[in-house]
Amino acid sequence: MAPTVWYQVRDLDQGRRFYRETLGFEEVAVDFAERWSQLRRGEMEIGLVEGEPGANGVAHVDVEDVKAEADRLREAGVEVGIVLELQGEMRLLDVYDPDGNRVQLAQEL
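What counts as what
In every chain, residue numbers begin from 1 and rise along the written sequence. Totals for whole chains, interfaces and linings use all residues, but because this is a predicted model, local features are given only for residues with pLDDT of at least 70 and pairs of side-chain atoms are given and counted only at 80 or more. Derived side-chain values reflect all non-hydrogen atoms in the structure, with water molecules and hydrogen atoms excluded from consideration. Three labels apply to residues, based on accessible area from a 1.4 Å probe with only protein chains included: buried if under 20% of the type maximum, exposed if over 50%, partly exposed otherwise in between. Helix and strand assignments follow DSSP, with helices taken as H or I runs no shorter than four residues and strands as E runs no shorter than two, numbered in order from the N terminus. Note on pairing: DSSP must find at least two bridges between two strands before they are called paired. Polar contact is defined as a pair of N or O atoms within 3.5 Å, subject to the rule that within protein one atom must be able to donate a hydrogen and the other to accept it, and that residues adjacent in sequence are counted only when both atoms are side-chain atoms. A residue's pLDDT is the predictor's confidence in that residue, given on a scale from 0 to 100.

1. Thoughts on the pairing of strand E5 (residues 59-62)
Then comes step 1: Only one face of E5 is buried, namely the one carrying Ala59 and Val61, since none of His60 and Asp62 on the opposite face is buried.
Then comes step 2: As defined by bridge partners, E5 adjoins strand E9 (residues 102-108) across four bridges and the pair is classed as parallel. Pairing of Ala59 across the sheet is with Val103, part of E9.

2. Topic: the side chain of Gln104
Then comes step 1: Its location among the elements puts Gln104 in strand E9.
Then comes step 2: A distance of 3.3 Å separates a polar atom in the side chain of Gln104 from a polar atom in the side chain of His60.

3. Overview of the confidence of the model for the chain
Then comes step 1: When the pLDDT values of the chain are averaged, the result is 92; 97% of them are 70 or greater.
Then comes step 2: Between the elements of the chain, mean pLDDT differs from a low of 91, seen in E5, to a high of 97, seen in helix H1 (residues 12-22).

4. Digging into the environment of Glu64
Then comes step 1: Mapped onto the secondary structure, Glu64 falls in the loop between E5 and helix H2 (66-75).
Then comes step 2: By relative accessible area, which is 76% here, Glu64 ends up exposed.
Then comes step 3: In the structure, Glu64 is positioned 44 residues away from Glu108 in sequence and 8.2 Å away in space, judged by C-alpha atoms.

Below, the structure written as structure tokens:
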């Protein structure tokens, strides 16, 4: 399966650590020579490639509890937005990696 979203990151090792350790992604492939990595969390698969960050798509990641994730990530010093609730149907939270790439966390209610 090809990554759904590709993000350019200035430092591949830092990006890999952020997605694995902070957001809970599993790394499924990495190429140190070509400077890219594929990671997966649930149904969302992303790719990281070393380069200058620019306009990218947005990864959508399902989580059990958006509010708890927001608290945990803020405590870890991660840039996060505010939790939005859509008519009792879903909660959404925008999270930003160290290069400013946006990841949207979602919780169905």
